[in-house]
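Geometric and topological summary
Listed below, chain by chain, are the residues.
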Amino acid sequence: MNTEEDGIVQGRIEKLRELKEMNIDAFPYRWEKKDGVKELRERFGHLKEEEESGYSTCTAGRLIGKRRQGKAGFGNIADGSEKIQIYCRQDVLGDSYEIFKKADIGDFIGITGNVFKTKTGELTILVKGFSVLAKSLKPLPEKWHGLKDIELIYRKRYLDLISNGDSFDIFLKRTKIIKSIRKYLDSKGFIEVETPILQTLPGGADARPFVTHHNALDMELYLRIAPELYLKRLIIGGFERVYELNRNFRNEGMDKNHNPEFTMLETYAAYWDYNDVMDFTEGMIKTVVDEVFGGTVDIVRDGRQIPLSFPFKRISMLDELSKVSGLDIASMNEDELISKVKELGKEAPRSKGKAIEKLFEHYVEPSLNKPVFITDFPIESSPLTKKHRSREGVVERFELYFAGMEIANAYSELNDPLEQKERFEMQEALRTKGDDEAQRMDEDFLEALHYGMPPTGGLGIGVDRLVMILTNAKTIRDVILFPTMRKEAE
RNA sequence: GGGCUGUUAGCUCAAUGGUAGAGCAACUGACUCUUAAUCAGUAGGUUGAAGGUUCGAGCCCUUCACAGCCCA
């Protein structure tokens, strides 16, 4: 649509001209906003009907409703997800009443006036001064139904935030969750670091990377799929506890749980093993629930209530898979496991480890309701993880599941350089067999390991997914402000 | 990648193959405690795009674009 040809836009441009004739700047430079609407509500919510506070406020917000009645009128202004009523009277405002009459829904306005309650008990500001702070030229989405068009919600998030309070609150919660996580990490002595997003060799996860090109150096660079190998270099360098709240990029499919760019928290602590990391992860989530949600949060997934009780259950992947499927997984060889997956009508996995994970996804994941730590993954699909101290064929790794969704992934980090070399070689072999998600030999990281890395517990948490769980969002797009979209048609 | 569904006014939605409508928003007027204000009136459309079938297409067919859901 051509903005300039729209009738409503033309009408509002005409109003701009009229304001200019009245010597009014519809786009002034600043406004001294004394009170927020939230504070006004907290402070004067207790007033009785028709009671006046005697308090003179100065506030601002977007005009979202207007009900004129001749020589007086009501309106509502929105300040974040809070709103408050304003009452404008010609006998109070005098000439400024004309400005109120010309105001459109969507305009930013600044007002001064006295706080009181109407006879129907609505907290209201009797307006003494009315100023336009920014004229809105396009009409907002419909006031009652809000913005429903899912495509518009994602493409024009600002309209979603203006008209859908629930959405606004989810993103507010998201920042509070992240703030609470940082506070917890600080309290445990972690320091926040930044490592390269542009990497010469993508590592630390099984995923296809985005490839880009550096002109001056004339070389390929990859957007990171994980910061893991750099954070471990910092543990080698002597930082004992580090974390990075990082944006990762994976060139893969998109669905309810996947966006090509997503936010991950990775933490590494020297001298810890994965048992320590489980305690630490529980502590983090408990802190977030306490600080952001007042200690309890109702989690509902697919219509089911998910109880949140600490500590979380810890179950072994192979034990649980054998139990639920009735198969004796430990005694099955690679071919048997792979053909079992094929029997289920799924694509043939490329390794024993992947086969076990597929079977786990099929048999166990749907029944995982409560938060649970799944421990001890197959060695083939965990090349950066220490072998289990007492069990054959598995590594010291866990994933945290909420309602069947993977939230976190953590290891006792492999720190034996010679074994790490062998594991990379195993991955290279898988890559040669056509697994383009297999990890790559990283000689520079191997060299770093040769200098010695202390025993280390590492953790990755999918921040978007954690926010989804805690806010009952149905798709990852509801917790990412600007999710990846195909380019709009001309 | 496959299947299904959707795309109509700024927004939310209607419309047996037969003159594209409503509510909100907008515009004009009335109204000094309204709150989805009310009342009277006005205006607003290349029905996602391009073809096709038909006397006649928002509706049927084909292709394309974008989106959603399910499956892989």
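Residues numbered from 1 in each chain as written. Chains lettered and ligands numbered in written order. Predicted model: local features only at pLDDT ≥ 70, side-chain atom pairs only at ≥ 80, totals over all residues. Heavy atoms only, no water.

Turning our attention to the sheet that holds strand β3 (residues 82–89). By definition, the strands of a sheet pair up through backbone hydrogen bonds, in either a parallel or an antiparallel sense. Sheet architecture is closed into a barrel: 5 strands sit in the order β1-β2-β3-β5-β4, paired in mixed fashion. Pairs of neighbouring strands in the sheet enclose a mean axial angle of 55°, with direction left out of account. By the bridge criterion, 10 bridges tie strand β4 (residues 108–117) to strand β5 (residues 123–134) in an arrangement that is antiparallel. Within the sheet, the bridge partner assigned to K117 lies in β5 and is L123. Sitting on the sheet, helix α2 (residues 37–44) is in contact with β1 (52–69), β2 (72–79), β3, β4 and β5, with an inclination near 80° to β3. (Pairing = 2+ DSSP bridges. Helix = DSSP H or I, 4+ residues; strand = E, 2+ residues; numbered from the N terminus. Axes fitted to C-alpha atoms, helices over the stretch in contact; angles between N-to-C directions. Contact = heavy atoms within 4.5 Å.)

Within the structure, RNA strand B sits among 41 residues, and K119, T120, K143, E151 and R477 are positioned closest to it. In RNA strand B, the atoms that sit within 4 Å of the protein are 59% sugar and phosphate, with bases accounting for the remainder. A distance of 2.6 Å separates a phosphate oxygen of RNA strand B from a polar side-chain atom of K15. Here a phosphate oxygen of RNA strand B and a side-chain polar atom of K256 are 2.6 Å apart. Looking at the surface near RNA strand B, the elements with two or more residues in it are β1, β2, β3 and α5 (150–155). (Near = heavy atom within 4 Å. Polar contact = N/O pair within 3.5 Å; in protein donor to acceptor, adjacent residues only side chain to side chain.)

The next subject is the sheet that holds strand β9 (residues 219–223). Taken together, 3 strands build an open sheet; the order of strands is β7-β9-β8 and the sheet is antiparallel. The sheet terminates laterally at β7 (198–199) and β8 (211–214), the two strands that pair on one side only. Note: β8 against β9, 4 bridges, orientation antiparallel. Following the sheet pairing, H213 is matched in β9 by E220.

Once that is clear, we can look at the environment of N259. Considering the arrangement of structural elements, one finds N259 in the loop between β10 (241–249) and β11 (261–270). Placed 46 residues apart in sequence, N259 and H213 show a C-alpha to C-alpha distance of 22 Å. Each residue touching N259, except ones within four places of it in the same chain, is listed here: M254, I476, I480, P483 and T484. Among the polar contacts listed, one links the side chain of N259 to the backbone oxygen of E261, at a separation of 2.9 Å. Only 3.3 Å separates the side chain of N259 from the backbone nitrogen of T484, close enough to count as a polar contact.

The assigned domain composition of chain A is domain 1 (3–139) and domain 2 (163–312 + 370–478). Just the C-alpha atoms count here: the centres of domain 1 and domain 2 sit 47 Å apart. (Domains from an automatic or database assignment.)

Once that is clear, we can look at the pairing of strand β18 (residues 456–462). Across the 7 residues of β18, 7 count as buried, placing the element largely inside the fold. Of the two faces of β18, the one lined by T456, G458, G460 and G462 and the one lined by G457, L459 and I461 are each fully buried. Two elements, β11 and β18, share 7 bridges in a ladder whose sense is antiparallel. If you follow Y268 over to β18, its bridge partner there is G458. (Buried < 20%, exposed > 50% of the residue type's maximum accessible area, 1.4 Å probe, protein only.)

In this section: the pattern of salt bridges. Opposite charge on two side chains permits them to pair, given that their charged atoms come into close proximity. Scanning the entire structure with this criterion turns up 37 salt bridges. Between E396 and R389 there is a salt bridge, with the nearest N and O atoms lying 2.5 Å from each other. Taken together, the shared-partner salt bridges connect R12, K15, D104, D107 and K135 into one network. (Salt bridge = Lys/Arg side-chain N within 4 Å of Asp/Glu carboxyl O.)

The next thing to look at is the confidence of the model for chain A. Chain-level statistics for chain A give a pLDDT mean of 94 and a share of 99% at 70 or above. Here the prediction assigns the complex a pTM of 0.94, and the interface score ipTM is 0.93. (pLDDT = per-residue confidence, 0-100.)

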